[in-house]
Amino acid sequence: EIRSEKDMPKEEKHPDLLPGEMVFCSAGTVLKLTHDEMSQHGIFGTLLCTNFRVSFISDEAPGEGTAPLFKNKLYGENDVPLSCVDSIYGVYEDKRKMITRSAVKNKYPSKIIIHCKDLRVLQFALTFCKEENAKRIFQGIVHHCLEPKSLKNIFGFSFSENSAAFPGIQMQQRTMMFDVAEDWVADLKRTKGKCRLVTANADFDVSTHLPQFFVVPESISEADMTAFQGKGLPIWCWTHHSGCSLFKTASLLLLPEDHIQNSHMEKMLTAVADNYLCSVKIEDLSDTLPTIQEIQLAYNRFKQLFLIENTTDFWVSDMKWFSSLESCGWLDIIKQCLHKAVQVVECLERENTNVLIMEEGGSDLCCVVSSLAQLMLDSFYRTIPGFQSLIQKEWVAGGHSFLDRCNQLHLKDRENVSPVFVLFLECVWQLFQQYTPAFQFSETYLTVLSDSLHVPVFSTFLFNSQYHQASSLTAESPHTHRGLLSWPTVWDWSVQFDYKALELLVNPLYLEKPKQSVRMPHRSKHQRQLSLPSSVFKTPAKKGFFKDEADSLKKILRVKRISRWMLSPDSPQPSSTTREFYEMWLRKPLDYHGVLLPCLDGPAFGVWMQRYLRWLQEVQIFGGGLVTILSKMSDLQDEIQRLKMQLDCQGSGSVFTPQRNWAKIIQAESERSSVRLSSSFPFTSLRNNWSYKPAIPTSVLQSLVYSGNMADQEDDPETVV
């Protein structure tokens, strides 16, 4: 309840500041509002704005056992990193207005509403503050969250300069960062690729858009690499066990009269074809997948379904939720990306042909499709170190413009802003929820990774390329007086979480790949795993077969732009062959360490509930949800594993040592904190300020009463939130 002003505490509190963090402004007696019907309840405290976050410190003393189950070391549950602020609204005389940069000169609002990129909605009432304090905190938050800034003002520079050197990635296996030649050699050796490593760009002399080290087909010369600043150059991604490989490139705009570019592109495609069996299929993703602007537009519509400010808005939006979800188009884009990745898998796995994917820039949808294809084909990338190495190779070294796409600098020009990496994580989640035992990381891991995208501490997501990172750190290093800045990567999970929290990033249902014995067991040819069709070993029908294909390829190149799959007129269409490929795979026994293909039909395709619904108390399932299912299954799995280990120990005469169980960790944490677990564990849980059952407000309940046939009632788009 709101207390009288004379009972309000006057002393302002400050959080525990991180190294390099400083407070810009603060205001006491700020009321943090809850999400009830009228948003008139809450707790008093101090609202602060630092060079890292907007922070609220409650005046209430923390109760015993109220510590969050999944605490982030960098920011608390009432903190928002500045780069995580999506938009700010102000309430002026009961009228809600979106705050722009020019609005700070006017009078301050009675209430601030902050929409966050992690889908949180925070509301603060300033009516109980002193006028000068309220105006100062409002202007400070708007300035530091919305005003454009330079890269050197990102908090990560101050944090790294004032922090001790970071020890590195604390994982069982090392994550390959692909910033040294050895990582590329190791990955090339692991997949048995027959391409060559390029080291000529170590000082970015070849191209500033390419990584320092990369792999290309063997027949490409040094002169080819310097042409057109690396555009059109096929960069190796992965090699199938049959010998064919996946490549990606930044496409060139090919005009019929431009013989130099056409000749260069023909040479690049010939080099890719020579990699294996003189065959190549190409795909221009710019022609078959949405643009980054269309992705941004669809996501903007999609996220509005979850940015709920109060209970009334929730129930109003709930009436049209499914129709709004379908019309936003976000799920359709996810399906398109997964379907395109399946087509790539089909070419590599079934047809054993080289694949070259391309787009303008080669660092957005190429990263999405190539990463998904490798995730479906290679079980190594479904482990935690493998998945992190995949992101480093395809996204960080691949030159994805994280700084521009995430708009970390709050620039006015939003043409380059697009949630491409979030789109990739959405696709990964679809695979995860269909084949959970195949992945070593948990759903919580994916959710935390998406949150870390907007924490300006890690070097992983703050630069547009390796060249951009190297030049930026070199330019700022003279100010540190101690050499190059030491930045943590997002894979340094110990920077954010303690040991207990890190255990929740591991999937308890993951089926580890059995260790191979000296004598290899017989592999069933019907098993769903990487298999080389016997037709590949057949002799071609005629010697001129590949020559005819090459001649046909050259004719196709002499058009305005390379597009579509390169198929002969008699070949079936990609959609029909892909469907046939999926049905053939589906008839075979499932192998979690083999090829995985997503089902894109019907109820198999869902919404990432943990990420999008975790902050909405109205949809929480208290004492239920996925966490309960995982706990029960983890208990059974642990019991089976314990019995197996006991039997093994009895046979060998060794001593059995029990291991920690994921379900026991959850149970111990909930008992320690005296909370009831919810479906949004570990991000939210039931406490005294949460009701067990969401109540429909009276004003909304009356509008829901309908005596006629609900099937005949039509949607009113104007009421959709």
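Rules and cut-offs
- Residues numbered from 1 in each chain as written.
- Predicted model: local features only at pLDDT ≥ 70, side-chain atom pairs only at ≥ 80, totals over all residues.
- Heavy atoms only, no water.
- Helix = DSSP H or I, 4+ residues; strand = E, 2+ residues; numbered from the N terminus.
- Buried < 20%, exposed > 50% of the residue type's maximum accessible area, 1.4 Å probe, protein only.
- Contact = heavy atoms within 4.5 Å.
- Areas by Shrake-Rupley, 256 points an atom, 1.4 Å probe, with all protein chains shown as cover.
- Core = buried A, V, L, I, M, F, W, Y, C linked by side-chain atoms within 4.5 Å.
- Disulfide = S-S within 2.5 Å.
- Pairing = 2+ DSSP bridges.
- Axes fitted to C-alpha atoms, helices over the stretch in contact; angles between N-to-C directions.
- Parallel < 35°, antiparallel > 145°, perpendicular 65-115°, else oblique.
- Nonpolar A, V, L, I, M, F, W, Y, C, P; charged D, E, K, R; others polar.
- Polar contact = N/O pair within 3.5 Å; in protein donor to acceptor, adjacent residues only side chain to side chain.
- Salt bridge = Lys/Arg side-chain N within 4 Å of Asp/Glu carboxyl O.
- Expected span 1.5 Å × (residues − 1).

Focus on the overall build of the protein chain
Here comes step 1: The number of helices and strands found in the protein chain is 23 helices and 16 strands.
Here comes step 2: Looking at the protein chain residue by residue over its 721 residues, the buried ones come to 54%.
Here comes step 3: Contacts in the protein chain between residues far apart in sequence, at least 24 positions, make up 74% of those at least 6 positions apart.
Here comes step 4: Carbon and sulfur atoms make up 53% of the accessible area of the protein chain, which amounts to about 33,900 Å² in all.

Comments concerning the nonpolar core
Here comes step 1: The biggest cluster of nonpolar side chains holds 117 residues, and the ones touching the most others in it are Trp330, Leu372, Phe387 and Leu449.
Here comes step 2: At twelve residues, helix H10 (residues 330-349) tops the list of elements feeding residues into this core.
Here comes step 3: Setting aside chain neighbours within four positions, we find Leu372 in contact with Cys337, Leu338, Ala341, Phe424, Cys427, Val428 and Leu431.
Here comes step 4: Core analysis: the second largest hydrophobic core is formed by 28 residues, Val80, Phe124, Cys129 and Phe138 among them.

Let's talk about the state of the cysteines
Here comes step 1: Following the criterion strictly, the structure yields zero disulfides and no others.
Here comes step 2: Summary of cysteine pairing: Cys244 is not part of a disulfide, and the nearest cysteine sulfur, belonging to Cys347, is at 9.1 Å.

Some thoughts on the sheet that holds strand E14 (residues 354-359)
Here comes step 1: Ordered in space as E11-E12-E14-E13, the four strands form an open sheet in which the pairing is mixed. Either end of the sheet is taken by a strand with one partner, and the two such strands are strand E11 (235-239) and strand E13 (280-284). Each adjacent strand pair in this sheet contributes to an overall mean axis angle of 20 degrees, direction not counted.
Here comes step 2: For E13 and E14, the ladder comprises five bridges, and the chain directions are parallel. Paired with Ile282 across the strands is Leu356, a residue of E14.
Here comes step 3: Seen against the sheet, H10 touches E11, strand E12 (245-250), E13 and E14 and runs at an angle of roughly 150 degrees to E14.

Concerning the pairing of E14
Here comes step 1: Within E14, six of the six residues are buried, which leaves the element mostly enclosed by the surrounding structure.
Here comes step 2: Burial of E14 is two-sided: the residues Asn354, Leu356 and Met358 facing one way and the residues Val355, Ile357 and Glu359 facing the other way are all buried.
Here comes step 3: Examined bridge by bridge, E12 and E14 share five bridges and lie parallel to one another. Within E14, the position partnered with Lys248 by the bridge is Ile357.

Quick word on the pairing of strand E5 (residues 85-92)
It is a general feature of regular strands that their side chains alternate between the two faces of the sheet.
Here comes step 1: By the criterion of burial, E5 is predominantly enclosed, with eight of the eight residues buried.
Here comes step 2: Judged from the six bridges that link them, E5 and strand E7 (residues 111-116) form a sheet pairing that is antiparallel. Residue pairing across strands places Gly90 opposite Ile112, the latter belonging to E7.
Here comes step 3: Note: E5 against strand E6 (residues 95-98), four bridges, orientation antiparallel.

Overview of the sheet that holds E7
Here comes step 1: If you trace the eight strands from one edge of the open sheet to the other, you get E4-E3-E2-E1-E8-E7-E5-E6, paired in antiparallel fashion. A single partner strand is all that each edge strand has here, and the edge strands are strand E4 (79-81) and E6. Mean inter-strand twist for the sheet, computed between neighbouring axes without regard to direction, equals 30 degrees.
Here comes step 2: Across the face of the sheet, helix H1 (residues 131-146) comes into contact with strand E1 (23-33), strand E2 (42-50), strand E3 (53-58), E5 and E7 while running at roughly 110 degrees to E1.

Overview of the environment of Tyr592
Here comes step 1: Looking at the element boundaries, Tyr592 is found in the loop between helix H19 (574-586) and helix H20 (609-613).
Here comes step 2: We classify Tyr592 as partly exposed; its relative accessible area is 22%.
Here comes step 3: With 79 residues separating them along the chain, Tyr592 and Lys513 place their C-alpha atoms 8.6 Å apart.

A look at the packing of helix H7 (residues 292-303) against helix H9 (residues 321-328)
In a packed pair of helices, the relevant descriptors are the angle between the two axes and the axis-to-axis distance.
Here comes step 1: At a closest axis distance of 9 Å, the pairing of H7 and H9 adopts a crossing angle of 170 degrees. One way to sum up the angle between H7 and H9 is to call them roughly antiparallel. Across the interface between the two elements, Ala298, Arg301 and Phe302 of H7 pack against Leu325, Ser327 and Cys328 of H9.
Here comes step 2: Among the residues forming the contact of H7 with H9, the class breakdown is four nonpolar, one polar and one charged.

A word on the side chain of His468
Here comes step 1: Summarising the element assignment, His468 is placed in helix H16 (residues 466-476).
Here comes step 2: Polar side-chain contacts of His468 include one of 2.9 Å to the backbone nitrogen of Asn464.
Here comes step 3: The residues touching His468, leaving out its near neighbours within four places in the chain, are Leu151, Leu403 and Phe463.

Focus: the pattern of salt bridges
Here comes step 1: For the coordinates displayed, the defined rule picks out 23 salt bridges.
Here comes step 2: Its salt-bridge partner being Asp187, residue Arg190 comes within 3.4 Å of it at the nearest N-O pair. Placement of the pair is Arg190 and Asp187 together in helix H3 (residues 181-191), with a separation of three residues, close to one helical turn.
Here comes step 3: The class of Asp187 is buried, set by a relative accessible area of 0%.
Here comes step 4: For the salt bridge of Glu346 with Arg350, the shortest nitrogen-to-oxygen distance reads 3.3 Å.
Here comes step 5: By relative accessible area, Glu346 is classed as buried at 3%.
Here comes step 6: Accessibility expressed as a relative area gives 26% for Arg350, which makes it partly exposed.

Thoughts on helix H11 (residues 365-377)
Here comes step 1: Look at H11: 18 Å from first C-alpha to last across 13 residues, which is about the 18 Å you get at 1.5 Å a residue.
Here comes step 2: Across the 13 residues that make up H11, a large majority, 13, are buried.

Regarding the packing of helix H14 (residues 420-434) against helix H15 (residues 443-452)
Here comes step 1: Put simply, H14 and H15 touch, their axes get as near as 11 Å, and they point 175 degrees apart. Judged by the inter-axis angle, H14 sits roughly antiparallel to H15. For the pair formed by H14 and H15, the contact residues are Phe421, Leu425, Val428, Trp429 and Phe432 on the first element and Glu443, Leu446, Leu449 and Ser450 on the second.
Here comes step 2: Considering only residue class, the contact of H14 with H15 consists of seven nonpolar, one polar and one charged.

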